[in-house]
Amino acid sequence: MKILLVDDEEMVRKPFEKILAGSGHEVIPAGDGVEALEIFADRPVDLIITDLRMPRMDGLELLRRVKVLKPDQDLIIVTGYAEMDSTVEALRQGAANYLIKPVRLEELAIAVDRIEKQQARDRKLKEHETRLVQARKMADLGLLAGGVAHEINNPNTFVRGNAQTLQRFWPMVEQYARQAREAGVEPPAKLDFILQETPKIIDAMLEGTNRIKKIVEAMASFTWSDRDLPLIPVDINACIHKALDVLAEDLEAVEIKSDLQSNLRPVRGLPEELVDVVVEILTNSVKALQGRPDPRIEITTTEPSPYEVHLIVQDNGPGIKMEDQGRVFSPFFSGDPRIGQPGLGLSKVYAAVRRFGGEVTFSSEKNQGTTFIIRLPVGGER
Amino acid sequence: MELLIVDDEEEILNMLRRNLELEGYEVKTTTQPAEALNMMAKELFNLVLLDIKMPGMSGIELLQELKRINPLANIIMMTGYSSMANVVDCLGSGAMDYFVKPFNDLDLVLQALDQARSRVERWRAAMGLSK
């Protein structure tokens, strides 16, 4: 843990520092409340241990100000018997615990250990909750996407079909118009213009329906419930090689490091869709790496148990913004509005991986890059 | 030759009718599965274009019923996205072909129907039927 240790007496601070560092904690010392607050405002810490009585700013005031900045900050007050009133006040203000002077070092270790464990539990709970909310949201969005896809598909079918019909009918009209002119029939004004433009009008309509078709297709692929084609054993490493081939051009400027475990068990899925999954994940990384120095993507496959294969894709891009992290898999969400694409890539990944009984998660840190982990159930023997 | 088209979208029926009447088919259409069954019982269509998703009855049920009434019917399925599993079932139940809506190339649908038409004509000749 990163621990901010605040005490005006170095004599007290030093042994604390020593024992905490000895247990593997990173200790940042501060001489009083003001100094501590300056450090705290600059970088987050996991725990603050502060003396109560200090010059310039005392522990209670430090606690108050810290809680304004970060209400869930853990803080331990170090206090004396004579300061019981202030200690009660500190607990009321949200201090996690208190230690009474003279502090026995094992007491300190126990108190710190307890907070570390509690934080780990909280993190796990939060992660679980986030995943649950995510799953529920994605199920709702899937329903919506599927419904919209179906409703748009019918009108798109007859718009496209009618444009194709017009395309079939038009040459007859065109030919008749030319023959009539050759036979000396006075043409209406702008006939040439109309003859020239009509095929372009039809092409533009077809192009429009094509685009709608692609969006509908992606949205429909997002609803996994009714796409229950029988799943077969698929070699994930082969899918990765295929995806790298497909993307060869886009990956030219990127250093690719792949560490694929040989002789992996096959996963349960559909080969083309798994290639798509890898393509979309890599495409996402390539986009994130645009304009970054030394762009690099690391691809790893492992088999941590006989039941599961992991595919890990790590880039050294800018990372996903905190406020975007909850929406990464949502259809039509794009982290970069300059990229004029509908933002369906990662939602397709999410849908496909779920359909194969797996799970996709990511971790991302500012300027450190993003790591996607796809866990897929094993679907056969090697 | 007579051709039955079943789809719940009126404008899709109209669009297909335009093309197929131009090709010389005698086109009958309906948006209702129950009516499709009645029409089949009455006229024994040998060519059918059938939407996979119908209100009130699944495409596969309707396909099986139509086949039961007229085992010689050549039935081509039309399907939206996200129902590949249904397509497999339909082909297993005797559908002749399937097309995904919207049609990539309308000509391919016409070609498939044309093949079916020649097949029916061949059958009729073999059975000594004039029609």
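Cut-offs used in this document
- Residues numbered from 1 in each chain as written.
- Chains lettered and ligands numbered in written order.
- Predicted model: local features only at pLDDT ≥ 70, side-chain atom pairs only at ≥ 80, totals over all residues.
- Core = buried A, V, L, I, M, F, W, Y, C linked by C-beta atoms within 7 Å.
- Buried ≥ 20, exposed ≤ 12 C-beta atoms within 10 Å, placed from the backbone.
- Helix = DSSP H or I, 4+ residues; strand = E, 2+ residues; numbered from the N terminus.
- Domains from an automatic or database assignment.
- Arc of directions from axis to C-beta.
- Contact = placed C-beta atoms within 7 Å.
- Pairing = 2+ DSSP bridges.
- Axes fitted to C-alpha atoms, helices over the stretch in contact; angles between N-to-C directions.

Describing the nonpolar core
Where a protein is soluble and globular, its nonpolar side chains tend to be buried together. Core analysis: the biggest nonpolar cluster contains 41 residues, and Ile236(A), Cys239(A), Val278(A), Val349(A), Tyr350(A) and Val353(A) have the highest contact counts within it. Looking at which element gives the most residues to this core, the answer is helix α8 (residues 271–289) of chain A, with seven residues. Counting only domains with at least three residues in this core, you end up with domain 2 (138–221) and domain 3 (232–377) of chain A. Among the nonpolar cores identified, the runner-up in size contains 35 residues, and Leu16(B), Leu47(B), Leu106(B) and Ala116(B) belong to it.

Description of the environment of Gly142(A)
Residues and elements named next belong to chain A. Mapped onto the secondary structure, Gly142 falls in helix α5 (residues 105–182). Residue class for Gly142 comes out buried when judged on the 20 C-beta atoms lying within 10 Å of it. Between the C-alpha atom of Gly142 and that of Pro331, which follows or precedes it by 189 residues, the distance is 8.7 Å.

Brief notes about helix α3 (residues 59–69) of chain A
Residue and element names in this part refer to chain A. Taken together, the buried positions of α3 are Gly59, Leu60, Leu62, Leu63 and Val66. Projected down its long axis, α3 shows its buried positions confined to an angular sector of 155 degrees, all on one face. If you follow the buried residues of α3, they end up packed against β1 (2–6), α2 (33–42), β3 (47–51), β4 (74–79) and α4 (84–92).

So, the sheet that holds β4(A)
Residues and elements named next belong to chain A. Spatially, the five strands line up as an open sheet ordered β2-β1-β3-β4-β5, and their pairing is parallel. Each edge of the open sheet carries a strand with a single partner, namely β2 (26–30) and β5 (97–100). Averaged over neighbouring strand pairs, the angle between their axes works out to 20 degrees when direction is ignored. In this structure, β3 lies alongside β4, joined through five bridges in parallel fashion. By the bridge assignment, Ile49 is partnered in β4 with Ile76. Along the sheet face, α3 touches β1, β3 and β4 and points at about 155 degrees away from the line of β3. Against the sheet, α4 engages β4 and β5, with an angle of about 175 degrees to β4.

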